[in-house]
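Reading the structure
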Amino acid sequence: MKNDHHVAVRAAAGVFIPLITLALWGRLDLAIFASFGAFTGIYGRNEPHRVRLVTQVRAGLLMLAVILAATLTARLSPGEATSPWTIVVGTTIVAWAATIVVGYWRLRPAGSLFHIFAYAAVASVPHQPPLGQAMFTAAVTVVLCLLIGVISRVRPSRRTPLTWAGMRAAARVRLGTEARHVLWLESVGYLVAAAIAGTLATIVGQSLGFGHNYWAMVAAVVPLVGHTTRHRVARGLQRILGTIVGLVMLALIVAVRPDAWLMVVFIAVCQFGAEMLIARQYFLAQVFVTPLALLSTLLVVRVNPLDLLHDRFIDTVIGAVIGVAVVLAPSVWRRWTRSQA
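A brief report on the enclosed structure follows.

Conventions we followed
Residues numbered from 1 in each chain as written. Predicted model: local features only at pLDDT ≥ 70, side-chain atom pairs only at ≥ 80, totals over all residues. Heavy atoms only, no water. Salt bridge = Lys/Arg side-chain N within 4 Å of Asp/Glu carboxyl O. Helix = DSSP H or I, 4+ residues; strand = E, 2+ residues; numbered from the N terminus. Buried < 20%, exposed > 50% of the residue type's maximum accessible area, 1.4 Å probe, protein only. Polar contact = N/O pair within 3.5 Å; in protein donor to acceptor, adjacent residues only side chain to side chain. Contact = heavy atoms within 4.5 Å. Core = buried A, V, L, I, M, F, W, Y, C linked by side-chain atoms within 4.5 Å. Phe/Tyr/Trp six-rings, centres within 6.5 Å; stacked < 30°, edge-to-face > 60°.

This next bit is on the pattern of salt bridges. Applying the stated rule across the entire model yields 2 salt bridges. When the shortest N-O distance is used, the salt bridge between R45 and E275 registers 2.8 Å. Taken as a pair, R45 in the loop between α2 (31–37) and α3 (49–74) and E275 in helix α11 (residues 260–277) lie far apart in primary sequence, 230 residues in all. Given a relative accessible area of 17%, R45 falls into the buried group.

Turning to its location among the elements, S187 is positioned in helix α8 (residues 177–208). Accessibility expressed as a relative area gives 0% for S187, which makes it buried. Side chain to side chain, S187 and W96 meet in a polar contact 3.4 Å long. Residue contacts for S187: discarding those within four places in its chain leaves W96, T99 and I100.

Below, the discussion takes up the nonpolar core. Counting residues in hydrophobic clusters, the biggest one holds 82 residues, and the most contacted among them are L19, F33, F36, F117 and L299. Each residue touching F33, except ones within four places of it in the same chain, is listed here: I67, T71, V122, Q128, P129, A134, T137 and A138.

Moving on, we get to the packing of aromatic side chains. Going through the model one piece at a time under the given rule, you end up with 7 aromatic pairs. Look at F36 and F39: their rings are 5.4 Å apart centre to centre, the planes differ by 65°, and that puts the pair in the edge-to-face class. In this structure, F36 and F39 share a single accessibility class: buried. Taking the centre distance of 5.2 Å and the plane angle of 55° together, the rings of F39 and F114 count as tilted. Placement of the pair is F39 in the loop between α2 and α3 and F114 in helix α5 (residues 113–123), with a sequence separation of 75 residues. Of the two residues, F39 and F114, neither departs from the other in class, the shared state being buried. Taken together, the ring pairs connect F36, F39, Y43, F114, F117, Y214 and W215 into an aromatic cluster.

Structure, rendered in structure tokens:
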């Protein structure tokens, strides 16, 4: 954790540079593709340069594949919003498939939380920019993050070996039989949590008049990461509490009606804060993650901020409760079967 500030600076730079460029260029319609391409920079936190480069190349390729699938999904309904049920089905598939790929490649952070967010958010954008421009923006951002990931090699004191043989060795990742079995079980957990949370959020949202069902799906998979059941349940509760405080912070930000360039600055600051705290205190990290996610949305789609605050809270509660339920279900089932026996 002593090098968390290095990780935070890399992640903040990876999102700030492309977003401020797009803001100055007047192409904020491409901002969402840059934002998710920048997730490449959060992988390989404290790994040696050769391992980090391999990890981030894989993470970037996977994210590009998810973004491509999402924008193609959105183009099935040109000029119109993608159906909420299409979002649920597509995001559930991504939740399962990305978890497996991340597991086989041993990427950290584990799981498919970022891929769920990326797919659903991009697929939800009604008016898509040209496909070539969208993917070019995402790909350039990924390459930028790769360069930032190895830029510290310019200082001899921070230089670690970066050879072709070393990168090939780092790329040869193998999982044992037991690890593969555990991974496939975990992927089912992601599939179930995302499907139930998305379905429930869609039904409730259509009844009460709110949207963004994928926020519930994102929140539902948060408790699935952790070493113990207690830790996973705590993550779910911290997600809710951190979101509440984060919404207060967002309300203060939008109250000043910031220009696009200032919103980009706030996004970079929130990215820095999230990466500084994510390995230390998940609750505090969520305080920064919430305005980070919503400011990215406001940067691309002009909607009423109050509607976003309302939707984010309800969807997060729905998703976190479902995620905790999925975490507790196996132990509850085992206790019930033992009592019956």
